[in-house]
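Residue-level structural notes
So you can see what is in the structure, the chains are spelled out below.
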Amino acid sequence: MQTNIYQNPTRSSWAEDYSFLNNNIETTEDSSAKDSSLRVRDLNIYIHNAHILKNVNLEIPNKKITCIIGPSGCGKSTLLKTFNRLIDDTEGIRYKGSILVDELDIFDPKTEITDIRKKMGLLSQRPCPLPMSIYDNIAFGCKMHGERKRKKLDQIVEEQLKAVGLWEEVKERLHAPASKLSIGQQQRLCLARGLAVEPEFILADEATSALDPISSKHIEELFVELKKDYAIILVTHTLRQALRIADHVIFMYLGEVIEAGPAEEIFNNPKQELTRKYLEGAFS
Amino acid sequence: MKLKFIEEKIAKLLMISSAIVVFAFVANIIYTIFLRGFPALNWEMISQIPTGGYYNGGGGGILNAITGSLYIVLGSTLLGLLISIPVVFYLNVYLKKDSKLAYIARLAFDVLFGIPSIVYGAFAFTIMIYLGMHTSLGGGILVITLLIIPIFIRSMDEVAQQLPKDLLDATYALGATKLETIRVVLRQIAPGIATATLLSVGRAIGDAAGVMFTAGFTDSIPTSFSQPAATLPLSVFFQLSSPNADVQDRAYSAALILIFIVLVISISGRLITNYFSKHKI
Amino acid sequence: MFTITVAAILLVVLIGLGLYIKSVPIFNQYSIWQLISSSEWKPGQGKFGFLPFIGGTIWITLIAVVLSLPFALLTSLFLTEYSKSWVRKWVFTALDILAGIPSVVYGVWGTLFVVPWISEKLAPNFVEYSTGYTVLAGGIVLGVMILPLLISLFVEIFSAVPREFRDASLSLGATKWQTCKHVILRKTFPGILAAVILAVSRAFGETIAVLMVCGNLPELPHSLFDSCYPLPALIANNYGEMLSVPMYESALMLAAFLLFIVVFIFNASSRAVIYRIESRFK
């Protein structure tokens, strides 16, 4: 990839280089995801009349890692939080369009929000273990959905801790407070917690930004392994992370999806100039 | 499965009713007092002092209490500001952020903040006896000053602690002495001082327990610091204790006047705070 | 400036010391245990049993907390988790008004509304007769007085819980209320405790409002519909006569000293709880 980092642009070429940021933004429709349970159709979101997401049309492929990349403030996190309708609480929010999960529109007033959320596991930027023991953290989701049998909960806890590679480390102290774990362990705990409710999708909002490199690597490896069973949607601020693990890439800018498609296509042969500029590092 | 949705609905209902109950209390309190107090309200009340038979149904008003309260509040606010502002400056400009003295001082002020006014009253009473003072305007001012100093210090300290450190650094970098820095800091926390003053005035005017045995009570307006002074809250209390129904009605209207004054003070406090926050950094 | 600051710190010590010194005469006559456990209060005969007053204070404070705590919790959860911003503004305005009303006005409200309500509507269902000037009346009035304090403290505590906790809980499929119950309340429990301790210490010292509705009978109350005589009311009602009866002054100063100590301890423990929470985050 050609980079301009070492060239010192003169005033006129600054203007030239950045003019693309103001030109009419073109988008490419994404039709490459054939097997998809999450489809977004003409999604528009307004917060206090500010148009936050514009005409988003997407298909998230199953059993793949999808990375949403783009500069700060482009709406990545908003989009992610819309998938499980976590943004409902924001003041002044209005949405148009539809998001179909397993062919059901999540905005339909008849759908039960907690059912939708059950299908999506959220992993936040800052690991936030709930104020309870390790065991209770993982069992929390199941208990909220009505699971009471002790044996079943024990089984789920063990299963999920093994899935994230924590079992050996914590099996002796399942009832110790979760806050005593290291930050990397806490993030894996949060992941296990999300997996315990048997979601179809894992929504990760910059899940490794707050972690040290080793823990980050752990989480990334987990994602690569988990994609066999879940569709993982990862919002990431670091291009490098997307380069490492993405199967499918969505590039967003100022609330619009500029380009979306398989990782090799986007990284090696971006169709939009904006995408190319972003990949080159012209802005971030 | 359905249980959690029922629980959610019930919880929401309880919460909304709880908020409504809060409104209900406010409305009830103001309405009850208004209902009994408004009919008895007239110009006489606020423009005349009680005559001899006032508490038995005679003529007059509560001017003694209104002016008494005014004097006490004025005196104690001035004295309080005089003492608190230097202390706040000392704590925030002179002392280092984590000095032991500052910690102990703040601790002491928190304790003083929590001491009920009756204890201040008892303490001030002891001091007054020791000094040979009788119940007087001076005594009232003494108690209320003691009462509101912690309030002043706490609210101003909170504002001062939020001072951006860069502000202090910038003034020092320009070569200002500590004294000159105070002027800069003063301008910055001026709204905090205003809010604190209004808060304290509201508290001071409504306090009865502290002035009970320090300011005494009288039907006349005090002309010197050694004469007893009447206060609005006590005036309400004494009128209420009278067996005469007319006098009791006057108590309600006195209470109404008191609420009115306090509300005016707190609303103007709000407005001033809002006005000043427009110019804040 | 230094001297003023130090003087202010010394004031705390001075108050405690002063009140203690004034109470010494009565200590010379009776032991502290005798004073606290006796129920006889006949100053003219030199009998000073503080039990009814201590009991009365504890009763009404307990009732006030029990009555206002649920409302405070529910309202503050509502304000932080559920309500829109315009609703919040109105409720905060109402709370500001409640907080600003002077205590004598609360007393007037108590005598105009609460006392007759208890006497005419509530008590007949439970006891033969009640004047209405009762422990319950004191508790209700006190409860309304500490409500704004509790709510503002709770709202501060609940708002300080980071977004991620709510997001995490909701994303797992919990309802808002389940999130409140299992996550927010659990996380803020120490803060809630500290706030309640603070409110209790406020309630202990409340004088005039309580005085006007509690009945001022120096006997240990045995039911909600009995009269009581809390410590602050004791001091306020009798300061006039205390100089004429021997030891009366000392007894009342002891009452003031007891109040001082209790408030001091409560404030200190509330601070200690807060300190422990803050140190957990360091």
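Everything numeric in this text was worked out from a predicted model, so none of it was measured. (Residues numbered from 1 in each chain as written. Chains lettered and ligands numbered in written order. Predicted model: local features only at pLDDT ≥ 70, side-chain atom pairs only at ≥ 80, totals over all residues.)

Let's talk about the overall build of chain A
Within chain A, the regular secondary structure consists of eleven helices and ten strands. Residue burial in chain A is summarised as follows: out of 284 residues, 42% are buried. Within chain A, counting contacts between residues at least 6 apart in sequence, those at least 24 apart form 71% of the total. (Helix = DSSP H or I, 4+ residues; strand = E, 2+ residues; numbered from the N terminus. Buried ≥ 20, exposed ≤ 12 C-beta atoms within 10 Å, placed from the backbone. Contact = placed C-beta atoms within 7 Å.)

What to know about the sheet that holds strand β2 (residues 50-61) of chain A
Residues and elements named next belong to chain A. Pairing is antiparallel in the open sheet, where four strands are placed in the order β2-β1-β4-β5. Unpaired on one side and paired on the other, β2 and β5 (104-105) mark the two borders of the sheet. Across the sheet, helix α2 (residues 76-83) lies against β1 (36-47), β2 and β4 (93-101), angled at about 60° from β2, the strand it touches most. (Pairing = 2+ DSSP bridges. Axes fitted to C-alpha atoms, helices over the stretch in contact; angles between N-to-C directions.)

Considering the packing of helix α4 (residues 134-144) of chain A against helix α5 (residues 150-163) of chain A
All names here are of chain A. At a minimum axis separation of 9 Å, α4 and α5 run at an interaxial angle of 115°. Classified by the angle their axes make, α4 and α5 are roughly perpendicular. As for how α4 packs across α5, the hand of that crossing is right-handed. Contact residues: α4 offers Y135, I138, A139 and C142, while α5 offers L153, I156, V157, Q160 and L161. Of the residues that constitute the contact of α4 with α5, the class distribution is eight nonpolar, one polar and no charged. (Parallel < 35°, antiparallel > 145°, perpendicular 65-115°, else oblique. Left-handed = near helix turned anticlockwise from the far one by under 90°. Nonpolar A, V, L, I, M, F, W, Y, C, P; charged D, E, K, R; others polar.)

Description of the nonpolar core
A255 of chain B together with V141, C214, A255 and A256 of chain C are the most contacted members of the largest nonpolar core, which totals 248 residues. Domain assignment of the residues forming this core places at least three in each of domain 1 (2-37) and domain 2 (46-277) of chain B. Not counting chain neighbours up to four residues away, the residues in contact with A255 of chain C comprise F53, L231, L234 and I235 of chain C. (Core = buried A, V, L, I, M, F, W, Y, C linked by C-beta atoms within 7 Å. Domains from an automatic or database assignment.)

Observations regarding the interface of chain B and chain C
If you look at the interface, chain B gives 63 residues, while chain C gives 58 residues. Sorting the residues of the side of chain B that touches chain C by element identifies α1 (2-37), α3 (63-94), α4 (100-114), α5 (117-131), α8 (178-206), α9 (232-240) and α10 (245-277) of chain B as the ones contributing at least two each. At 21 residues, α1 of chain B tops the list of elements feeding residues into the side of chain B that touches chain C. For the side of chain B that touches chain C, the per-class residue count stands at 48 nonpolar, nine polar and six charged.

Some points on unusual backbone geometry
Residue and element names in this part refer to chain A. Look at D42: it is not a glycine, yet its phi comes out positive at around 50°. Phi angles above zero are rare outside glycine, and H48 is one such case at about 50°. You can see H48 is positioned in the loop between β1 and β2.

Re the confidence of the model for chain A
Should the pLDDT be low somewhere, the predicted coordinates at that spot are not to be read in detail. Considering every residue of chain A, the mean pLDDT works out to 83; 88% of them sit at 70 or more. Scored below 50 in pLDDT, residues 1-16 of chain A makes ten contacts in the model with residues more than four places away or belonging to other chains. (pLDDT = per-residue confidence, 0-100.)

Structural notes on the pairing of strand β8 (residues 231-235) of chain A
Residue and element names in this part refer to chain A. Burial runs high along β8: five of the five residues are buried. Neither face of β8 is open: one carries A231, I233 and V235, the other I232 and L234, and all of them are buried. Where strand β3 (residues 65-69) lies against β8, four bridges are found, and the strand directions are parallel. Residue pairing in the sheet places I68 in a bridge with V235 of β8. Judged from the five bridges that link them, strand β7 (residues 201-205) and β8 form a sheet pairing that is parallel. Residue D205 lies in a different strand from β8, and its bridge partner there is V235. For the handedness criterion, the β-α-β arrangement of β7, helix α8 (residues 213-226) and β8 is classed as right-handed. (Right-handed = clockwise from strand over helix to strand, strands pointing away.)

Describing the sheet that holds β8 of chain A
All names here are of chain A. If you trace the six strands from one edge of the open sheet to the other, you get β6-β7-β8-β3-β9-β10, paired in mixed fashion. Bordering the open sheet on either side are β6 (120-123) and β10 (256-262), each of which pairs with just one other strand. Taking each pair of neighbouring strands and ignoring which way they run, the sheet shows an average axis angle of 15°. One ladder, built from six bridges, connects strand β9 (residues 248-253) with β10; its direction is antiparallel. Looking at the pairing, M252 lines up with V257 of β10.

So, the environment of M132 of chain A
When you line up the elements, M132 of chain A lands in the loop between β6 and α4. On the basis of neighbour counts, which here come to 19 C-beta atoms within 10 Å, the residue M132 of chain A falls in the partly exposed class. Between the alpha carbons of M132 of chain A and L80 of chain A there is a distance of 27 Å; along the sequence they are 52 residues apart. Apart from the residues lying within four places of it in its own chain, the contact partners of M132 of chain A are N137 and A178 of chain A together with R186 of chain C.

A closer look at the environment of V40 of chain A
Residues and elements named next belong to chain A. Inspection of the secondary structure assignment puts V40 in strand β1. Assessed through the 21 C-beta atoms surrounding it within 10 Å, V40 is described here as buried. Along the chain, V40 and Q186 lie 146 residues apart, while their C-alpha atoms are 32 Å from each other. Not counting residues up to four positions away in its chain, the partners in contact with V40 are V56, N57, L58 and I99.

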